[in-house]
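# Topology and contacts: notes
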Protein chains: 6
Amino acid sequence: MMTHQTTALTNEDFDISGIVQALRDVRLTSLEHRHRKNKPPKLPSRKVLQNVVDGLSAALFPNRLGAPGLKEEGVDYYVGFTLDSALRELNSQIQLELRYSADTDHDKTPSVEAALNKARAFAQTLPKIRQLIDTDLNAAFEGDPAARSLDEVLVCYPGITAIIHYRLAHELHTLGLPLIARIISELAHSATGIDIHPGATIGEGFFIDHGTGVVIGETAVIGHHVRLYQAVTLGAKRFPTDEHGHLIKGSARHPILEDDVVIYAGATVLGRITIGARSVIGGNVWLTRSVPPDSQITQAQSQASIQATAT
Amino acid sequence: MMTHQTTALTNEDFDISGIVQALRDVRLTSLEHRHRKNKPPKLPSRKVLQNVVDGLSAALFPNRLGAPGLKEEGVDYYVGFTLDSALRELNSQIQLELRYSADTDHDKTPSVEAALNKARAFAQTLPKIRQLIDTDLNAAFEGDPAARSLDEVLVCYPGITAIIHYRLAHELHTLGLPLIARIISELAHSATGIDIHPGATIGEGFFIDHGTGVVIGETAVIGHHVRLYQAVTLGAKRFPTDEHGHLIKGSARHPILEDDVVIYAGATVLGRITIGARSVIGGNVWLTRSVPPDSQITQAQSQASIQATAT
Amino acid sequence: MMTHQTTALTNEDFDISGIVQALRDVRLTSLEHRHRKNKPPKLPSRKVLQNVVDGLSAALFPNRLGAPGLKEEGVDYYVGFTLDSALRELNSQIQLELRYSADTDHDKTPSVEAALNKARAFAQTLPKIRQLIDTDLNAAFEGDPAARSLDEVLVCYPGITAIIHYRLAHELHTLGLPLIARIISELAHSATGIDIHPGATIGEGFFIDHGTGVVIGETAVIGHHVRLYQAVTLGAKRFPTDEHGHLIKGSARHPILEDDVVIYAGATVLGRITIGARSVIGGNVWLTRSVPPDSQITQAQSQASIQATAT
Amino acid sequence: MMTHQTTALTNEDFDISGIVQALRDVRLTSLEHRHRKNKPPKLPSRKVLQNVVDGLSAALFPNRLGAPGLKEEGVDYYVGFTLDSALRELNSQIQLELRYSADTDHDKTPSVEAALNKARAFAQTLPKIRQLIDTDLNAAFEGDPAARSLDEVLVCYPGITAIIHYRLAHELHTLGLPLIARIISELAHSATGIDIHPGATIGEGFFIDHGTGVVIGETAVIGHHVRLYQAVTLGAKRFPTDEHGHLIKGSARHPILEDDVVIYAGATVLGRITIGARSVIGGNVWLTRSVPPDSQITQAQSQASIQATAT
Amino acid sequence: MMTHQTTALTNEDFDISGIVQALRDVRLTSLEHRHRKNKPPKLPSRKVLQNVVDGLSAALFPNRLGAPGLKEEGVDYYVGFTLDSALRELNSQIQLELRYSADTDHDKTPSVEAALNKARAFAQTLPKIRQLIDTDLNAAFEGDPAARSLDEVLVCYPGITAIIHYRLAHELHTLGLPLIARIISELAHSATGIDIHPGATIGEGFFIDHGTGVVIGETAVIGHHVRLYQAVTLGAKRFPTDEHGHLIKGSARHPILEDDVVIYAGATVLGRITIGARSVIGGNVWLTRSVPPDSQITQAQSQASIQATAT
Amino acid sequence: MMTHQTTALTNEDFDISGIVQALRDVRLTSLEHRHRKNKPPKLPSRKVLQNVVDGLSAALFPNRLGAPGLKEEGVDYYVGFTLDSALRELNSQIQLELRYSADTDHDKTPSVEAALNKARAFAQTLPKIRQLIDTDLNAAFEGDPAARSLDEVLVCYPGITAIIHYRLAHELHTLGLPLIARIISELAHSATGIDIHPGATIGEGFFIDHGTGVVIGETAVIGHHVRLYQAVTLGAKRFPTDEHGHLIKGSARHPILEDDVVIYAGATVLGRITIGARSVIGGNVWLTRSVPPDSQITQAQSQASIQATAT
């Protein structure tokens with residue numbers, strides 16, 4: 001029998017045992033209200049996934065995001081070892097997600113092979129991801145007159161950090177690992193202020209400048225060579241409800257941006273609308289209707305249309 | 001006598017001793033202009049307070065924010081130990097703040113008991129804080145169709161990170177520890193881009209989606225089940241001065257949001273106005289007047305009213 | 001000969017060697033498209049530069065950003081040692097940048113003295129930087145009624161963090177080290193959401209409140225005692241092209257803010273315009289034309305002018 | 001196909017791929033000579049077991065070997081948490097040892113329960129181990145006039161470090177975990193120069209002073225209140241072979257020391273002999289025959305007997 | 001009330017709460033038998049004292065045991081800062097020892113000044129300690145033909161490590177801090193296998209070669225230019241008891257070695273005897289009587305004398 | 001001018017600047033007495049060499065001393081990467097040693113190629129070193145009835161740790177890097193109490209049991225399949241002087257042990273004598289003359305011969 005909790009508190013006590021008990025009560029009540037069971041499965045870990053992303057980034061760009069100063073004869077060993085470590089860590093995180101979602105959905109425990117197959121499939125996409133990021137780097141280099149080299153872009157630009165995370169997270173999302181994908185997205189969000197949902201579809205040569213406050217929704221579709229500035233939102237419209245007033249889940253509700261679109265800082269683009277190719281959307285514009293290719297929308301124009309609506 | 005600084009500089013020198021001396025002169029001049037004394041007391045430490053918040057978060061959610069894989073028989077020991085460590089660290093930080101503000105206000109040195117009493121009072125609020133955060137988790141889960149479980153919300157959503165920090169900081173602010181409270185707020189601000197003043201009053205079931213750029217001012221009052229999106233500002237109006245042109249301190253100058261209000265991305269709500277219950281404020285709206293319950297304010301409407309004002 | 005890659009894959013394999021080879025191919029193709037050579041020089045390191053900034057901050061403010069609890073007799077030793085370490089690290093980073101840009105520009109390898117001279121010149125500016133930051137601290141203290149002491153401002157305010165980084169980065173930029181300067185800027189950007197280009201010119205007593213989403217462009221010129229709130233953009237206009245349609249590089253394209261200007265949250269100020277002294281620009285204002293001293297621009301006014309333009 | 005290994009070496013190469021291949025050949029040859037299989041199971045980890053011992057020591061002596069400054073209300077939480085962590089780590093190490101020895105002995109894979117049962121049985125012995133170590137502390141305190149308190153003995157004396165490791169290792173050895181027990185012994189050996197085989201049997205109140213070079217063999221039996229000085233060997237005789245010239249394994253081959261025996265520095269006691277109670281063996285004595293209770297053996301006497309033998 | 005400990009154990013439990021309670025009972029019983037009180041004061045910390053020794057060593061030999069690569073202009077700042085940190089840490093450890101021994105001796109709580117005075121007095125001896133160690137380095141350099149430079153000796157020789165610890169510990173012992181001194185001795189003992197009691201008196205130019213197993217007792221007195229090899233014991237005789245059979249404490253009971261004595265490996269020298277100047281004691285010699293200056297004692301001679309005694 | 005050192009000491013001061021100055025004076029005096037110059041070159045670093053040895057050990061035994069749980073497809077990448085890192089670190093240490101000894105010997109600065117050639121030559125010996133260590137592991141396994149597998153021997157036995165260090169250090173010593181070799185030896189000495197000079201020559205299948213206190217001198221020659229126990233010394237005789245009384249450097253002065261010799265604990269074997277093949281030297285024997293093959297020397301016999309000498 002533990003007896004110390006019955007002891008009168010001394011002047012120096014925090015009443016630890018009383019608070020532990022109260023926290024325990026809240027915790028049990030909360031569990032009861034939710035899953036009604038005692039031992040929720042482990043979740044994938046933010047910290048481990050940060051390591052995984054760091055390892056994959058190093059394998060993709062060994063000289064720049066990996067070990068500086070590698071000699072040529074050592075690069076492949078470095079890449080192979082780093083990849084091997086990162087994939088094994090990722091594999092264990094995939095097991096956690098699969099177990100967790102089986103538990104949530106009351107499915108039977110997933111096999112170890114199921115996780116391994118996903119990790120393997122993901123691994124095979126890495127060269128393609130590298131190629132895509134190369135196009136993003138080029139886009140940033142060409143889009144920003146201040147950039148002096150691709151290396152600078154890779155090391156300095158928060159937009160690139162966000163896009164690397166997105167491109168990795170997107171493949172994992174596509175493989176049916178939404179939780180891991182989301183955690184990876186949030187790692188980039190915290191570091192850059194750029195919030196790209198891993199479900200979004202984004203073409204080659206994507207560039208985000210400055211980036212703080214950018215939000216890109218789950219069903220957004222972005223073509224090739226699109227450029228966004230800080231605080232651009234590609235969001236859903238306010239009331240995506242069905243006839244019974246329920247929120248519609250998973251339906252296409254975010255904008256489509258065709259190739260070569262540019263959207264300046266602070267613009268808000270909402271709903272399943274299409275911004276035609278080569279259009280330029282001005283800063284702070286509020287846009288909720290499709291525009292044809294080669295449009296140039298300024299705030300005045302969008303205000304005008306709003307005024308019309310408003311009267 | 002130290003003599004090396006009189007030596008002629010060699011080709012490799014940075015002139016360290018010259019710079020040290022110059023920095024010393026600036027430092028002393030600066031001190032003279034301020035407090036006119038030599039030894040300012042220590043401030044609470046950002047790094048230690050990060051540990052405290054991590055420890056308290058772990059004690060509140062041992063399985064999710066603490067040690068993954070705890071078995072049932074070990075949970076209470078983990079919570080008790082983590083709590084004990086965090087509270088003792090917090091207690092020492094409280095001593096620093098009390099000493100610092102006594103020094104600033106030329107009060108006499110505060111007693112050790114004063115700090116302990118505050119730490120103890122704070123500790124007693126932890127179960128209530130856990131209950132409040134449970135309502136916030138529920139709000140996020142219900143408010144975001146993409147959320148698949150409360151666990152995901154707890155681990156992934158930056159809004160939840162910000163709210164946990166806020167709820168802890170708010171209790172400390174209320175106990176007369178504004179500096180510690182502020183540092184904790186800024187830890188969340190840096191990690192999430194969400195800036196909630198610890199003095200604000202926020203009801204149950206609060207949800208912030210995406211969150212980057214949200215600013216909530218010191219005297220804001222937020223009811224139950226309120227939802228905010230990224231870049232929403234609940235601020236003060238521009239010129240809160242008294243008749244003599246001086247800034248008015250501490251007066252109620254931020255908005256009141258009644259229950260069930262929703263404010264979409266980029267909206268700016270300024271001044272001691274009241275947003276009536278169940279109102280919905282559209283994206284990018286600029287709002288400086290009270291609105292009745294069940295209002296739906298869109299940008300067009302607010303522009304219209306601005307136009308009116310403008311003419 | 002390594003032979004294991006010819007072995008049939010087992011059930012547990014990730015096909016590491018296949019992926020390593022594919023990544024190698026992409027990497028070599030990418031190198032070919034770019035610099036056509038094998039061994040790009042090392043870049044300055046984000047992590048090392050974080051240490052440098054931490055060290056310099058500690059040398060500038062030993063009691064607050066350095067080692068808490070220093071006794072008077074130990075301060076100068078602490079400052080001298082910290083400075084010495086930070087400057088030697090910085091010196092090695094400067095060598096990397098000089099070698100890198102010589103390589104990019106096909107210049108001959110720079111001398112070790114070239115780096116040392118820059119490090120030395122930078123070191124000499126530190127006392128002046130400290131004095132400038134002192135004016136920034138005063139501005140924050142006086143500008144925010146909530147601030148209770150300069151110490152609190154120094155430790156808590158993200159705006160101050162951003163400005164310290166800026167003032168260090170600006171000197172390095174001026175010395176011809178744009179890459180190091182940029183990396184330091186991005187460190188502050190990631191921590192605070194405030195993005196100040198190191199090329200910008202900023203006078204005494206600069207204050208940014210809240211700060212998330214602030215962007216200040218490369219050729220912006222900011223006078224003394226200017227105050228900005230969150231999400232303010234001081235940007236370039238959309239199409240700074242020459243007669244042949246090429247982007248104009250390096251030309252003055254961002255706003256000039258004269259002394260004592262205040263710009264409220266979310267305002268966007270674009271192009272080489274001049275905001276006259278003591279002007280106040282309201283929240284969310286969109287401004288692309290110069291305004292005379294003592295102007296007070298609100299959103300309504302700016303909308304009105306936009307309406308005029310729009311018709 | 002990896003092709004870089006066929007490239008001619010450059011001036012900067014170490015010929016990594018050649019050496020990797022050569023090391024691979026040696027490794028495979030070595031495996032062939034031994035177990036003839038590819039994937040030996042993991043062994044228990046020295047580093048993890050160091051953590052386990054540290055955790056158990058902290059649980060046994062929370063104030064002295066755990067967290068200094070614990071308040072009374074926090075001690076049990078600390079002990080419970082520390083114990084829980086250490087036992088779970090130990091459990092995983094036990095699984096490794098059981099799997100490893102099943103593999104070595106070609107047994108079937110052991111059950112998870114088998115490990116858990118051993119961990120549980122071990123855990124139950126901890127209070128008894130604490131009591132025994134208390135007697136050892138008392139013995140050191142009483143045996144060394146220089147010792148001022150039990151606390152000093154616990155924190156300073158290498159003999160106590162060695163005995164704590166021994167007492168933990170001995171229980172694990174008894175439970176059929178010779179490899180984990182041995183690794184724990186070697187941790188003490190490396191830290192103190194004292195080498196006690198975990199199979200030895202040692203009574204209450206054991207004290208080793210200075211200790212460097214002490215060796216105690218597997219089948220040694222040591223009574224209560226025995227005291228040893230540095231460089232004492234309790235070893236086996238030279239030729240413990242059977243009639244066929246084979247080494248005899250596991251038979252009792254080390255000395256028996258009855259209660260209250262004292263052995264001074266450098267003495268060598270070999271073979272299954274019995275040192276009678278209360279005997280004192282002098283420094284550097286070489287002893288290979290039993291002596292009755294209350295004997296006092298000096299080097300001269302032992303030399304004398306050796307001389308007799310030698311002639 | 002905590003209730004989980006009454007729950008039946010599940011298959012996965014370690015019975016943590018049962019063991020915690022049993023350990024608590026042993027702990028309380030042990031406390032009762034000893035000091036009969038609940039809260040023993042903190043002891044000085046092994047880990048902190050390791051830092052202190054590392055810091056002091058770095059201050060004594062900044063280029064070799066401190067920060068490699070210091071430039072001349074930075075050395076004094078490094079030394080001053082390192083010294084300041086180490087002395088402040090040491091000061092806090094001295095406070096702990098003084099409080100602890102006041103508590104043990106039932107004295108009144110010692111003043112903060114008492115600790116500071118000791119720290120200050122110790123600090124003043126550092127230059128003298130450096131000079132002494134310089135003589136030790138010279139002795140090693142001259143005594144070992146293999147040594148190529150003083151730097152090598154300083155960095156490689158375990159004997160020098162042990163002597164540096166001893167010279168620091170000896171001053172602290174002399175200042176009335178036996179516990180801190182002892183812990184520092186044991187740090188060297190663990191790293192080198194050399195056990196020098198901090199109470200011993202050792203002259204200039206002391207050299208220990210190889211060193212493992214050397215033991216030097218509390219009241220040993222060693223002249224200038226003495227050389228010892230591995231496994232030499234300078235100990236007390238076996239029965240230093242008074243007429244009532246009690247151990248005599250603190251009396252002079254270890255050997256005196258006059259200047260220029262050499263003692264080879266494994267020799268044992270016991271009791272308050274004097275080894276005359278320039279004597280050479282051979283390997284494995286057992287010596288318990290004084291010898292005149294310039295003696296050369298080999299094992300044969302000492303055996304002979306023992307034989308004589310033995311007959 | 002730094003002025004604080006002229007300030008009167010306050011009650012809290014340690015007189016840092018006074019001590020810094022005094023230490024500086026001692027340091028300069030010491031430099032003057034030695035090399036008469038200001039800036040001694042850097043020495044190889046103990047800490048870096050520990051990393052190098054850890055890396056090389058991991059490359060030699062990837063599954064046991066490297067990364068547990070490697071899958072087959074990952075092993076070569078791990079070995080290649082680990083080797084590459086360790087060799088590059090070693091290379092930089094070799095540069096330091098070469099520069100240091102050029103400086104000491106007043107030679108001209110050595111070329112970067114000189115270091116690289118040595119590193120490369122060393123790297124080529126690694127497969128042979130692995131093969132030798134395999135024979136040592138076999139010897140330990142066969143020599144100790146308690147050993148259950150080669151893996152246990154590799155992980156547990158301090159003798160193996162010492163031999164791995166020796167075999168690496170010996171190759172480096174042979175390549176003309178005595179300082180690096182010595183530092184590596186001392187790392188093993190500190191961890192195991194076994195002191196093997198890197199200059200010694202040791203054949204296949206070498207086994208040291210227990211090991212504390214073993215010392216093996218620079219010119220010792222040890223054949224195949226030799227076994228030593230704790231505290232064995234293979235040393236030089238006392239007076240290896242030439243006709244002028246000077247110590248003879250580098251001459252063969254330590255014993256030769258032919259194949260299959262066994263030497264029991266505590267035996268001391270001194271001088272350039274030869275122990276014939278298959279001889280067994282008993283515990284504590286003192287031996288200074290050669291013995292023919294198949295000798296069995298016990299302490300009695302050696303004493304007898306000493307007696308003869310003594311008379």
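Rules used throughout
- Residues numbered from 1 in each chain as written.
- Chains lettered and ligands numbered in written order.
- Predicted model: local features only at pLDDT ≥ 70, side-chain atom pairs only at ≥ 80, totals over all residues.
- Heavy atoms only, no water.
- Contact = heavy atoms within 4.5 Å.
- Buried area = accessible area lost by both parts, 1.4 Å probe.
- Salt bridge = Lys/Arg side-chain N within 4 Å of Asp/Glu carboxyl O.
- Polar contact = N/O pair within 3.5 Å; in protein donor to acceptor, adjacent residues only side chain to side chain.
- Nonpolar A, V, L, I, M, F, W, Y, C, P; charged D, E, K, R; others polar.
- 1 Å grid on protein atoms, 1.4 Å probe; cavity = no way out; pocket = protein on both sides within 12 Å on 5 of 7 lines; lining within 4 Å.
- Points joined across faces, edges and corners; volume = space filled by probe spheres on them.
- Least-squares fit on C-alpha atoms with pLDDT ≥ 70 in both.
- Pairing = 2+ DSSP bridges.
- Helix = DSSP H or I, 4+ residues; strand = E, 2+ residues; numbered from the N terminus.
- Phe/Tyr/Trp six-rings, centres within 6.5 Å; stacked < 30°, edge-to-face > 60°.
- Lys NZ or Arg CZ within 6 Å of the ring centre and 35° of its normal.
- Domains from an automatic or database assignment.
- Buried < 20%, exposed > 50% of the residue type's maximum accessible area, 1.4 Å probe, protein only.
- Axes fitted to C-alpha atoms, helices over the stretch in contact; angles between N-to-C directions.
- Parallel < 35°, antiparallel > 145°, perpendicular 65-115°, else oblique.
- Left-handed = near helix turned anticlockwise from the far one by under 90°.

### Re the interface of chain E and chain F
Of the residues lining the interface, 56 residues belong to chain E; the matching set on chain F comes to 55 residues. Counting each side, the surface lost to burial between chain E and chain F is near 4800 Å², with a carbon and sulfur contribution of 60%. Together, Pro145, Arg148 and Cys156 of chain E form the three largest contributors to the area buried by chain E at its contact with chain F, with a combined 12%. Summed over the shared surface of chain E and chain F, the result is 3 salt bridges. Of the charged contacts, one joins Asp76 of chain E and Arg27 of chain F as a salt bridge, the two residues approaching to 3.4 Å between their closest N and O atoms. Taken together, the links from chain E to chain F amount to 12 residue pairs in polar contact (both at pLDDT 80 or more). Each residue belonging to the side of chain E that touches chain F can be placed in one class, and the counts come to 25 nonpolar, 18 polar and 13 charged.

### Things to note about the layout of surface pockets
Here the second largest pocket defines a volume of roughly 1400 Å³. Forming the walls of the second largest pocket are 39 residues, and the residues nearest its centre are Arg46, Lys47 and Leu187 of chain D together with Asp54 and Thr161 of chain F. For the lining of the second largest pocket, the per-class residue count stands at 20 nonpolar, 13 polar and 6 charged.

### Quick notes on the relation of the copies chain E and chain F
Between chain E and chain F, which share one sequence, the superposing operator has a rotation angle of 120 degrees and an axial displacement of 0.0 Å; the RMSD is 0.0 Å. What we have between these two chains is a three-fold relation. Interface residue correspondence from chain E to chain F reaches only 9%, placing this contact among heterologous pairings that use different surfaces.

### Things to note about the sheet that holds strand S7 (residues 233-235) of chain E
All names here are of chain E. With respect to topology, 5 strands assemble into an open sheet ordered S1-S4-S7-S10-S13, the strand pairing being parallel. The sheet terminates laterally at strand S1 (195-196) and strand S13 (286-287), the two strands that pair on one side only. In this structure, strand S10 (residues 268-270) lies alongside S13, joined through 2 bridges in parallel fashion. What sits directly across from Thr268, in S13, is Trp286.

### A few points about the packing of aromatic side chains
Scanning all chains against the criterion turns up 24 aromatic pairs over all chains. Ring-pair connections join several aromatic residues into one group, and the members of that group are Tyr78 and Phe81 of chain A together with Tyr78 and Phe81 of chain F. Here the guanidinium or amino end of Arg182 of chain A rests over the ring plane of Tyr157 of chain B, the centre of that ring lying 4.3 Å away.

### Description of the domain arrangement of chain A
Residue and element names in this part refer to chain A. Segmentation of chain A into domains returns domain 1 (44-193) and domain 2 (200-240 + 249-311). Tallying the contact residues gives 17 residues for domain 1 and 17 residues for domain 2. Between domain 1 and domain 2 lies a buried interface of about 1200 Å² when both sides are counted; carbon and sulfur atoms form 56% of it. Contact with domain 2 buries area across many residues of domain 1, yet Ile163, Tyr166 and Gly193 alone supply 30% of it, more than any other trio. Summed over the shared surface of domain 1 and domain 2, the number is 0 salt bridges. Counting across the domain 1 and domain 2 interface gives 9 residue pairs in polar contact (both at pLDDT 80 or more).

### Details of the pattern of salt bridges
Enumeration over the complete set of coordinates arrives at 66 salt bridges over all chains. A salt bridge links Arg24 of chain C to Asp76 of chain A, with the shortest nitrogen-to-oxygen separation between them at 3.0 Å. Highlighted residues: Arg24 of chain C in helix H1 (residues 16-33) and Asp76 of chain A in helix H4 (residues 72-104), drawn from two different chains. As far as burial versus exposure is concerned, Arg24 of chain C and Asp76 of chain A are alike and both buried. When the shortest N-O distance is used, the salt bridge between Lys128 of chain B and Glu171 of chain B registers 2.9 Å. Note that Lys128 of chain B is positioned in helix H6 (residues 126-143) and Glu171 of chain B in helix H8 (residues 158-174), a separation of 43 residues in sequence. Lys128 of chain B sits in the partly exposed class, given a relative accessible area of 40%. Judged by relative accessible area, which is 12%, Glu171 of chain B ranks as buried. Through salt bridges with shared partners, a single network forms among Arg24 and Arg27 of chain A together with Glu72 and Asp76 of chain B.

### Examining the packing of helix H6 (residues 126-143) of chain E against helix H8 (residues 158-174) of chain E
Residues and elements named next belong to chain E. Between H6 and H8, the shortest axis-to-axis distance is 10 Å and the interhelical angle comes to 155 degrees. The pairing of H6 with H8 is recorded here as roughly antiparallel in orientation. Of the two elements, H6 crosses H8, and the hand of that crossing is right-handed. Within the contact between the two elements, H6 uses Leu126, Lys128, Ile129, Leu132, Ile133, Asp136, Leu137 and Ala140 and H8 uses Ile160, Ile163, Ile164, Arg167, Leu168 and Glu171. Among the residues forming the contact of H6 with H8, the class breakdown is 10 nonpolar, no polar and 4 charged.

### A word on the environment of Leu43 of chain E
Take Leu43 of chain E: it is sitting in the loop between helix H1 (16-33) and helix H2 (46-60). For Leu43 of chain E, a relative accessible area of 9% puts it in the buried group. Taking the C-alpha atoms as reference, Leu43 of chain E lies 6.4 Å from Glu97 of chain E; in sequence the two are 54 residues apart. Beyond its immediate chain neighbours, meaning those up to four positions away, Leu43 of chain E contacts Arg64, Asp151 and Val155 of chain D together with Leu96, Tyr100 and Leu179 of chain E.

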